[in-house]
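Summary of the model geometry
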Amino acid sequence: APDEQKTRRGNMTGTIPGIDDILRHMRHIMDKAGEDAVALGTDFDGFDRTSLPRGIAGVQDMEKIWEAMEQAGFTARQIEKTAYGNVSRIIRDVWK
């Protein structure tokens, strides 16, 4: 693996996850719990760049995830729910 993919956190080994890993986890959760159970936040406060997945430097890169989801065959509805729909639904339901 290229050096930039190696973890830079203490004694951890392996590689830093990338967008493909995010998609694999989302697909697994959707397969087990349904598309209403997945959401991604953009609150990167407290994270340094080395803690973020490969290809994601901050909130400005979230579009890369949505585009990758589309390319991987996620439906427009699943992307919308993951991007904001599920969180909006939960906030509406909780704050009734």
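Note: the structure precedes this text.
What you are looking at is a predicted structure, and each value in this text was computed from that prediction instead of being measured. (Residues numbered from 1 in each chain as written. Predicted model: local features only at pLDDT ≥ 70, side-chain atom pairs only at ≥ 80, totals over all residues. Heavy atoms only, no water.)

A count of helices and strands for the protein gives three helices and zero strands. Secondary structure of the protein in N-to-C order comes out as α-α-α. Counting only residues that meet the buried cut, the protein has 27% of its 96 residues in that class. The long-range fraction of contacts in the protein, counting pairs at least 24 apart against all pairs at least 6 apart in sequence, stands at 58%. (Helix = DSSP H or I, 4+ residues; strand = E, 2+ residues; numbered from the N terminus. Buried < 20%, exposed > 50% of the residue type's maximum accessible area, 1.4 Å probe, protein only. Contact = heavy atoms within 4.5 Å.)

Moving on, we get to the side chain of Thr82. Locating Thr82 in the fold gives a position in helix α3 (residues 76-94). Once residues within four sequence positions are removed from consideration, Thr82 is found in contact with Met26, Met30, Val38, Ala39, Leu40, Trp66 and Met69.

On to the environment of Asp45. Summarising the element assignment, Asp45 is placed in the loop between α1 (19-33) and α2 (62-71). Judged by relative accessible area, which is 72%, Asp45 ranks as exposed. Between the alpha carbons of Asp45 and Gly58 there is a distance of 9.7 Å; along the sequence they are 13 residues apart.

Let us now look at α3. With 19 residues, α3 ought to run about 27 Å at 1.5 Å a step, and its terminal C-alpha atoms sit 25 Å apart, in line with that. If you look at α3, its biggest bend is around 60 degrees, right at Thr82. Residues of α3 that are buried: Gln78, Ile79, Lys81, Thr82, Gly85 and Asn86. Where the residues of α3 are buried, they touch α1 and α2. (Expected span 1.5 Å × (residues − 1). Bend = angle between axes of the 7 residues up to and from the residue.)

Side chains bearing opposite charge may pair, as long as their charged atoms lie close to each other. Tallying each qualifying case throughout the model produces six salt bridges. With its nearest N and O atoms 2.7 Å apart, the salt bridge here joins Glu35 to Arg77. Note that Glu35 is positioned in the loop between α1 and α2 and Arg77 in helix α3, a separation of 42 residues in sequence. Judged by its relative accessible area of 53%, Arg77 is exposed. Ionic pairing is found between Lys81 and Asp36, a salt bridge with its closest N-O pair at 2.5 Å. With Lys81 in helix α3 and Asp36 in the loop between α1 and α2, this pair connects stretches of sequence that are 45 residues apart. Using a relative accessible area of 14% as the deciding quantity, one classes Lys81 as buried. (Salt bridge = Lys/Arg side-chain N within 4 Å of Asp/Glu carboxyl O.)

Next up on the list: α2. Within α2 the residues assigned to the buried category are Met62, Ile65, Trp66, Ala68 and Met69. Along the axis of α2, the buried positions cluster into a sector of 160 degrees, meaning they face one direction only. Residues of α2 that are exposed and angled more than 90 degrees away from the buried face: Glu70 and Gln71. Where α2 is buried, its residues touch α1 and α3. (Arc of directions from axis to C-beta.)

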